[in-house]
Amino acid sequence: MTVPAGAPALAPGQAGSVWHTLPADQVLQAQEVDGQHGLTSAEAASRAERFGLNAFDAGQAEPRWRAFIRQYADLMQIVLLAAGLVSLGLQEWETGIVLILLTLFNAVLGLQQEGKAAAAVAALQQMMIVKARVRRDGQLREVPAEQLVPGDIVSIEAGDIVPADGRLLRAATLEVAESALTGESLPVAKDKEPVEGAATPLGDRTDMVYMNTNVTRGSGVFVVTATGMATEVGHISGMLQAEQAAKTPLTRQLDKLTRQILWIAGFALIVSMILNLARGDTFAAVFTAAVAFAVGAIPENLPAVVTAILASGTQALARVGAIMKRLQSTETLGSTSAINSDKTGTLTLNQMTAVRMALVGRRYAIEGTGYSAEGQIARVGGEAEVALDEFLLPMVLASDAVVNAGELIGDPTEGALVVLAAKGGIDAASTRERYPRLAELPFDAAYKLMATFHTMTDASGRDVIRCYVKGAPDQLLARATTVFDADAGPVPADGRFRELYLAENQRLGEQGLRVLATARKDFDPAAFDPGADLLPLVTGLELLALVGIVDPPRPTAKASIATARKAGIKVRMITGDHAVTAAAIARQLGIDGTVITGAEFGAMSDDEVLRTIGDIGVIARVTPEHKVRLVDMLKRQGHIVAMTGDGVNDAPALKKADIGIAMGITGTEVTKEAAVMILTDDNFSTIVKAVEVGRGLYDNLARYVRFQIGGLFGYILTFLSASIFNVAKGIPLLPLQTLWVSFTMLSIQSVGLGYSKPAAGLMDRPPLPPAKPILTRGLIVWLAFVGLVMTVGTLSVISWAEHVHGLAIARTMGMVTFALFLLFFSIESKDQRDSAFSLDTFSDKTFVVTTSGSFVLLILSTVLDIFHVVMKTVTLDVRQWLICAVVALSIVVVAEIRKAVLRRTPATG
């Protein structure tokens, strides 16, 4: 095809709308690159300096001064600032200054927390860098997508996210989902032929691929024409709005509870002010009481702290190898009750090694492990008297994997085949160069095979187009008419042979081996059309070999499955392997339950599935539809379902699951996008660890929330009752005394509870019921009772001390009593059922440090002169301290009585 008239001359990286109109060779010429060799490393570095990173410009950062002012939009900040300013107006200098300084401290702390959150997000994004397969210096290598430059030669296949804009050089049944860019709902078929018309819409430029679109089928090679902001999606990136961070269910639940408590506190505050004014108190005294009440009773930071704890949980999960993309999923982890796991690479090591090969009348054992080419191919029960080249060629030519010095780029199964061929003397690089591909039928789950086409000569010396096929043994057998016998040549694949073939396939499968078959077919070069639909041509095959590939179970998988079972989590193995292979691996791993095929599962009615699903341990030969249905059936039974996957066809099931889990090493980019968790090590044990971390995180959240709400009830009831019964002139604690108790007890002990060591035996409990709120009605009643106990005890001490010692000592004793109530209640909040009088209570270093620190700060507030001046406290003698402590210990008595009752009832998770 000639260059379109008027087409401008384009230089490498130049933005232009005519790349799709040019022939592939002219695009390569304009980009100054050899399509077979790629750019040199030096040229790539030079272009990287010229064009910059293949990334979008970051949005304009919010100015620090604006972020600082935004901290004052919080209700608590507004209350404290207003109270501080009014206090200064009333010449309450110490109170006013401290309150204003406190708002500054809160604002700085808020900025720091936002900075930590942003750093955490950036760290997680670094772990999820998209990789691209690019040809440089004549070698295929993987590089971060942001390092691509115009002129790079990039390979893509099903499951990839297109890393840059480019012009296709080769396309094999390639389809790309471009809805994010064009709005087209169906994937678009691509080819390498130029498209007429410079103004052709993006969706019709079938020879182009665009950044951030998804490859759904086939494979291709393209030359990069634009990167970063010069790409089509880069042009519109400024118009794209970032997705708003969704609140987690727990945060929404606490938002609602906070609003309810706020209304209660507001009503109680108004009532107390009216009562105090009605008694003739001055406005200054009433305002002082109101400030103290508001400081203690407003729970505005409760959901924010919960979000911070959840965010810290994502960091804990990342440390064990699980990257969580959403806070909601972090919260859900502890409720997981069913894990549907892929076999290959998750339950197994995904370090494939071909260990057995079967030909007609011959069996071979293959030495060696991993991706090293060291090892021999030895015939079992006879001498290896025939050349194996005919049988080993398809291992290399019908594969894309590259193995170099034991390092693999590409699919592990293909890597095992390439290494097998190398052990037989077939060098992959030189063989592929000698017999280049003319056409390709990429692997697809629908037909379970891959075929490549090459110009070769047959046994008679005649030129042919030879098709090499590798795939599932049953699929190749169904498409075969002959089998190649090393002694007799091609023989019919008749009934007797088929029985032997299937028996050998089963024999290998029962050893726990993954079995692949190879075949071939020759075509007349004059009649062969590489652009035709190739799948119908892959019939009438000549079978060559069966290869048994071992993928050893991960050493930690069996123990992790046992841990999951003990934790009430049912593990199922979902695999594309044959049932006999899957059953053998399941036995090694300790997975219980019946083994069925995807066909059997698909034939069951919904009622049958719901009735028998609890007994199913393995589903073999599954399709993507089976995986989606399995997730749906389990969710209908009320399970919280985790589902693993690595291929593009797994994405629907991962989206359907409560916890979609993608493989970070072998997973496709599309699967990672669909998942909410990414395993950095592809290890099943990491899933179980993540569930344990999730349970611990939820347990700490529950402790924190119980403690906070109990303390808030105590504040509200204490201040309201003081106004009703005129205890301490309606002001049981002064504003700064209230602030000090809130800081030393509620805040510091919340850190001790929210960030403490998880409780022992978390994985001995059943999964958390997903519908169970963190605060049940019964628990709220109990926390209200806790608040009542605090109120009665605190006001009793204040009332007695006011009568005996005067108001200053009374308020100091009231502050100490209330603070000790909170301190003792925090200890009791460590566990709902186990007694606080156990070694586990103080085996947690974080909690011991915060508890000790809180107690020391409380003592200092009564003995140091600066606190006497600022907070109006006084020094208490030993007898007064003992009175405060004994009264506060009443909360321990009632809590231990409740725990004793709870221990006599069965736990429900």
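Residues numbered from 1 in each chain as written. Predicted model: local features only at pLDDT ≥ 70, side-chain atom pairs only at ≥ 80, totals over all residues. Heavy atoms only, no water.

Undergrad: Mind laying out the overall build of the protein, listing which residues take part and the relevant values?
TA: From N to C terminus, the protein includes 32 helices and 27 strands. By principal-axis analysis of the C-alpha atoms, the protein measures approximately 120 × 70 × 45 Å. Across the protein, the fraction of contacts at a sequence separation of at least 24, relative to all contacts at a separation of at least 6, is 71%. Total accessible area on the protein is roughly 39,000 Å²; 59% of this is exposed by carbon and sulfur atoms. (Helix = DSSP H or I, 4+ residues; strand = E, 2+ residues; numbered from the N terminus. Contact = heavy atoms within 4.5 Å. Areas by Shrake-Rupley, 256 points an atom, 1.4 Å probe, with all protein chains shown as cover.)

Undergrad: Can you tell me about the sheet that holds strand β26 (residues 659–663), naming the residues and giving the values?
TA: Spatial ordering of the open sheet is given by β8-β27-β26-β25-β9-β22-β24-β23, a layout of eight strands whose pairing is mixed. This sheet does not close on itself; its edge strands, each paired only once, are β8 (322–324) and β23 (594–597). Between one strand and the next, the sheet's axes are offset by a mean angle of 20°, whatever the strand orientation. (Pairing = 2+ DSSP bridges. Axes fitted to C-alpha atoms, helices over the stretch in contact; angles between N-to-C directions.)

Undergrad: Break down the side chain of T452 for me, citing the residues and quoting the values.
TA: Relative to the helices and strands, T452 resides in strand β16 (residues 449–457). Separated by 3.2 Å, the side chain of T452 and the backbone oxygen of L397 make a polar contact. Aside from chain neighbours lying at most four places away, what touches T452 is L397, A398, R437, A439, E440, R466, C467 and Y468. (Polar contact = N/O pair within 3.5 Å; in protein donor to acceptor, adjacent residues only side chain to side chain.)

Undergrad: Describe the confidence of the model for the protein, and please don't skip the residues or the numbers.
TA: When pLDDT is averaged along the protein, the result is 86, and 91% of the positions lie at 70 or above. The low-confidence segment residues 238–245 (pLDDT under 50) makes zero contacts with residues lying over four places distant or belonging to another chain. (pLDDT = per-residue confidence, 0-100.)

Undergrad: Can you explain the pattern of salt bridges? Please cite residues and give values.
TA: Oppositely charged side chains are able to pair whenever their charged atoms sit close together. Scanning all chains against the criterion turns up 35 salt bridges. For the salt bridge of R133 with D160, the shortest nitrogen-to-oxygen distance reads 2.6 Å. Here D160 lies in the loop between β3 (153–157) and β4 (165–177) and R133 lies in strand β1 (residues 131–136), a separation of 27 residues in the sequence. Comparing R133 with D160, the two get one shared label, buried. (Salt bridge = Lys/Arg side-chain N within 4 Å of Asp/Glu carboxyl O. Buried < 20%, exposed > 50% of the residue type's maximum accessible area, 1.4 Å probe, protein only.)

Undergrad: Run through the pairing of β16, naming residues and quoting values.
TA: The element β16 is largely enclosed, with a buried count of seven among its nine residues. Bridge analysis of strand β15 (residues 437–441) against β16 gives four bridges, and the strand direction is antiparallel. Looking at the pairing, E440 lines up with T452 of β16. Here β16 pairs with strand β17 (residues 463–471) via nine bridges, running antiparallel. In the strand pairing of β17, T457 is matched with D463. Between β16 and β17, which pair antiparallel and follow one another directly, the connecting turn spans five residues, one of which, G461, has a positive phi of 90°.

Undergrad: Kindly report on helix α18 (residues 557–566), identifying the contributing residues and their values.
TA: Considered for burial, the residues of α18 that qualify are A557, S560, I561 and A564. Mapping the buried residues of α18 onto a view down its axis gives an arc of 100°, with all of them on the same face. The elements touched by buried residues of α18 are α12 (343–347), β22 (570–574), α19 (579–589) and α25 (684–725). Positive phi appears at G568, one or two residues downstream of α18, with a value of about 80°. (Arc of directions from axis to C-beta.)

Undergrad: Go over the environment of M763, please, and point to the residues and values.
TA: Note on placement: M763 falls in the loop between α26 (735–754) and α27 (777–804). Residue M763 is classed as buried on the basis of its relative accessible area, which comes to 6%. Those residues within four positions of M763 in sequence are excluded, and the remaining contacts are T563, K566, A567, V688, V691, E692 and R695.

Undergrad: Lay out unusual backbone geometry in plain terms, naming residues and giving numbers.
TA: For K448, which is not a glycine, the phi torsion comes out positive at approximately 55°. In this structure, K448 sits in the loop between β15 and β16. Given the relative accessible area of 18%, K448 is considered buried. The phi dihedral of D682 is positive, around 60°, even though this residue is not glycine. Mapped onto the fold, D682 is located in the loop between β27 (677–679) and α25.

Undergrad: Provide a residue-level description of helix α29 (residues 845–863), including the pertinent values.
TA: The end-to-end C-alpha separation of α29 is 27 Å, in line with the 27 Å expected for 19 residues at 1.5 Å each. Every buried residue of α29 is listed here: F847, T850, T851, S854, L858, S861 and T862. All buried residues of α29 project into a common sector of 105° when viewed along the axis, lining one side. With respect to the buried face of α29, the exposed residues turned more than 90 degrees away are K845 and V849. Looking at the buried positions of α29, the neighbouring elements they touch are α26, α28 (807–828), α30 (865–871) and α31 (878–888). Two or three places before T846, at the start of α29, stands the capping residue D844, its side-chain oxygen 3.2 Å from that residue's backbone nitrogen. (Expected span 1.5 Å × (residues − 1).)

Undergrad: Now, about the side chain of T841: what can you tell me, with residues and values included?
TA: With respect to the helices, strands and loops of the structure, T841 is situated in the loop between α28 and α29. Looking at T841, its side chain comes within polar contact range of the main-chain oxygen of A836, at 2.9 Å. Excluding anything up to four places from it in sequence, T841 contacts I827, K830, S835, A836 and F847.

Undergrad: Would you mind going over the nonpolar core in detail, with residue names and values included?
TA: In this structure, I709 and L820 are the most contacted members of the largest nonpolar core, which totals 80 residues. It is α25 that provides the largest number of residues to this core, a total of 15 residues. Ranked by size, the runner-up nonpolar core spans 35 residues in total, among them Y371, M395, V418 and V547. (Core = buried A, V, L, I, M, F, W, Y, C linked by side-chain atoms within 4.5 Å.)

Undergrad: Can you tell me about the packing of aromatic side chains, naming the residues and giving the values?
TA: Applying the stated criterion across every chain, the model contains 12 aromatic pairs. For the pair W740 and F743, a centre-to-centre distance of 6.0 Å together with 45° between the ring planes defines the contact as tilted. Taken as a pair, W740 and F743 lie in helix α26 at a separation of three residues, close to a single helical turn. Here W782 and F785 contribute two aromatic rings whose centre-to-centre distance is 6.1 Å and whose plane-to-plane angle is 35°, an arrangement assigned as tilted. Here the residue W782 and the residue F785 both occupy positions in helix α27, the gap between them amounting to three residues, near one helical turn. Assessed through its relative accessible area of 11%, W782 is described here as buried. For F785, a relative accessible area of 38% gives the class partly exposed. Among the aromatic residues, those joined into a cluster by ring pairs are F453, F523 and F528. For R629, the ring lying beneath its charged end belongs to F601, and the centroid distance is 5.3 Å. (Phe/Tyr/Trp six-rings, centres within 6.5 Å; stacked < 30°, edge-to-face > 60°. Lys NZ or Arg CZ within 6 Å of the ring centre and 35° of its normal.)

Undergrad: Describe the packing of helix α13 (residues 389–397) against helix α14 (residues 412–423), and please don't skip the residues or the numbers.
TA: At a closest axis distance of 8 Å, the pairing of α13 and α14 adopts a crossing angle of 140°. Taken together, the axes of α13 and α14 are oblique relative to one another. Handedness of the α13/α14 crossing: left-handed. Contact residues: α13 offers L392, M395 and V396, while α14 offers L417, V418, L420 and A421. (Parallel < 35°, antiparallel > 145°, perpendicular 65-115°, else oblique. Left-handed = near helix turned anticlockwise from the far one by under 90°.)

Undergrad: Just give me the short version of a nonpolar patch on the surface, but keep the residues and values in it.
TA: A cluster of nonpolar side chains, namely F855, V856, I859, L860, V863, L864 and I866, defines an oily patch on the protein surface of about 530 Å² accessible area. Tracing the backbone shows F855 in helix α29. (Patch = residues over 30% accessible without salt bridge, like charges linked within 9 Å, V, L, I, M, F, W, Y side chains within 5 Å.)

Undergrad: Describe in detail the environment of A586, supporting the description with residues and values.
TA: The residue A586 is located in helix α19 in this model. When the C-alpha positions of A586 and G512 are compared, they lie 9.1 Å apart, and in sequence the two are 74 residues distant. In this view, A586 contacts M573, I591 and V618; residues no more than four positions away in its chain are not counted.

Undergrad: Give a description of the packing of α26 against α29 that names residues and reports values.
TA: Contact pair α26 / α29: the axes reach a minimum separation of 8 Å and the direction vectors enclose 170°. As far as their axial angle goes, α29 and α26 are roughly antiparallel. In this structure, α26 uses W740, F743, T744, M745, I748, Q749, V751, G752 and L753 to contact α29, whose residues at the interface are T846, F847, T850, T851, S854, F855, L857, L858 and S861. When grouped by side-chain class, the residues that make up the contact of α26 with α29 number 10 nonpolar, eight polar and no charged. (Nonpolar A, V, L, I, M, F, W, Y, C, P; charged D, E, K, R; others polar.)

Undergrad: Can you tell me about the environment of D632, naming the residues and giving the values?
TA: As for its placement among the helices and strands, D632 is situated in helix α22 (residues 624–636). Accessibility expressed as a relative area gives 25% for D632, which makes it partly exposed.

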